[in-house]
Amino acid sequence: HSVGIIGAPFSKGQPRDGVEKGPDLIRAAGLVKKLKAQGCAVKDYGNVTFEEVANDEPIGNVKRPRAVGSANQRLSAAVHAVKNDGHTCVMLGGDHSLAIGSIQGHAAAKKDLSVVWVDAHADINTPLTSPTGNIHGQPMAYLIHELQSKIPVLPNFSWIKPCVSAKDIVYIGLRDVDPEEHHILKLLGIKVYSMTEVDRLGIAKVMEETCDYIFSKVKKPIHLSYDIDALDPSISPATGTPVVGGLTYREGIYITEHICQTGLLSAVDMVEVNPKRGRTEDEISSTVSAAVDLIRGCFGKLREG
Ligand SMILES: N[C@](CCCC[B-](O)(O)O)(CCN1CCCCC1)C(=O)O
Ligand SMILES: [Mn+2]
Ligand SMILES: [Mn+2]
């Protein structure tokens, strides 16, 4: 595996400080060394620098649109470059609004993508449906062809081109979906494995069905967008929007092991690690090491040795 790492120390898709510390915390936990130790070629491209945006007043129900739009435009260019260098891209967040730039940059290099979104949340609110106005709850809405009629013009968002079809998306781990999001998921017929399906089918069957579903048509490169809050808060408490009843550590790792063996993983986001949301050092290190282990599972680390 050839891995290109990008840090995106960005927090303005949501209101809580600290999530911008994620990239350097994950690096400090030894991600590069550990990936190299398991036989990966690794290039760390460093952190994307983001411009300061003044007077970033909300527009309708969208908070800090100018900062989020600008940051994602820069991230998109960085991800595109990593893909053009031939690596599988690992984007370390930062909040989940960064999936806008990550998926845009990936699609610029790879055209047709399938997206596996592992998260407690669907992150598919439109500006008109969002209950909070926080863009980390909206990224998918800006990316999906079928939702473009619902997206108003926003400053610094005009560069975004919808690049994902509803039929090429699979969600895993959902357990806190807003009513309007649920309506959108149903309307678009998007494939969802909520925690109910994880309980009913077991994670092995969920992953088998996920791969059958995304490979049923032509095989597309996979963009895995992993929100650390998909895991149960007993494993990853240091995050902005924890929700009880999440994936076990083992289920979380099984997902990455299974995606790795498809041989189609082309980009990974690991987002929403926020040290300021951990009450103890142990809570922070548990969250960070889970993030590192999940990324290692994406690149061939097997529990069997
Ligand atoms: N759906 C929420 C949460 C988004 C989480 C973003 B992620 O996944 O990147 O962490 C709102 C959640 N909901 C609001 C009403 C009260 C219950 C929680 C939103 O703000 O849109
Ligand atoms: Mn989430
Ligand atoms: Mn998310």
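Residues numbered from 1 in each chain as written. Chains lettered and ligands numbered in written order. Predicted model: local features only at pLDDT ≥ 70, side-chain atom pairs only at ≥ 80, totals over all residues. Heavy atoms only, no water.

Trainee: Whenever I open this one, the site of ligand 1 confuses me. Can you help?
Mentor: Neighbouring ligand 1 are 16 residues, the closest being Asp 123, Thr 132, Asp 178, Asp 227 and Thr 241. Asn 125 is positioned with one of its side-chain polar atoms (N or O) 3.0 Å from an oxygen atom of ligand 1. The side chain of Asp 178 places a nitrogen or oxygen atom 2.7 Å from a nitrogen atom of ligand 1. Here ligand 1 has 520 Å² of accessible area as a free molecule, and 76% of this is covered by the chains. The residue inventory of the shell around ligand 1, partitioned by class, reads one nonpolar, seven polar and eight charged. (Near = heavy atom within 4 Å. Polar contact = N/O pair within 3.5 Å; in protein donor to acceptor, adjacent residues only side chain to side chain. Areas by Shrake-Rupley, 256 points an atom, 1.4 Å probe, with all protein chains shown as cover. Nonpolar A, V, L, I, M, F, W, Y, C, P; charged D, E, K, R; others polar.)

Trainee: Got a minute to help me understand the state of the cysteines in this structure?
Mentor: Disulfide: a covalent bond formed between the sulfur atoms of two cysteine residues. Under the criterion given, the structure shown has zero disulfides. Cys 89 provides the cysteine sulfur closest to Cys 163, a residue in no disulfide bond, and the two sulfurs are 14 Å apart. Owing to a relative accessible area of 14%, Cys 163 belongs among the buried residues under this scheme. This cysteine, Cys 298, is not joined by any disulfide, and Cys 260 carries the nearest cysteine sulfur, 7.4 Å off. (Disulfide = S-S within 2.5 Å. Buried < 20%, exposed > 50% of the residue type's maximum accessible area, 1.4 Å probe, protein only.)

Trainee: Got a minute to help me understand the pairing of strand β3 (residues 88-92) in this structure?
Mentor: Each regular strand carries side chains that alternate between the two faces of the sheet. With five of five residues buried, β3 is to be regarded as a mostly interior element. Residues Thr 88, Val 90 and Leu 92 of β3 are buried on one face, and the alternating residues Cys 89 and Met 91, pointing to the opposite face, are buried as well. In this structure, strand β1 (residues 2-7) lies alongside β3, joined through five bridges in parallel fashion. From the neighbouring strand, Gly 7 faces β3, where its bridge partner is Leu 92. In terms of strand pairing, β3 meets strand β8 (residues 265-271) through four bridges, oriented parallel. Looking at the pairing, Val 90 lines up with Val 268 of β8. (Helix = DSSP H or I, 4+ residues; strand = E, 2+ residues; numbered from the N terminus. Pairing = 2+ DSSP bridges.)

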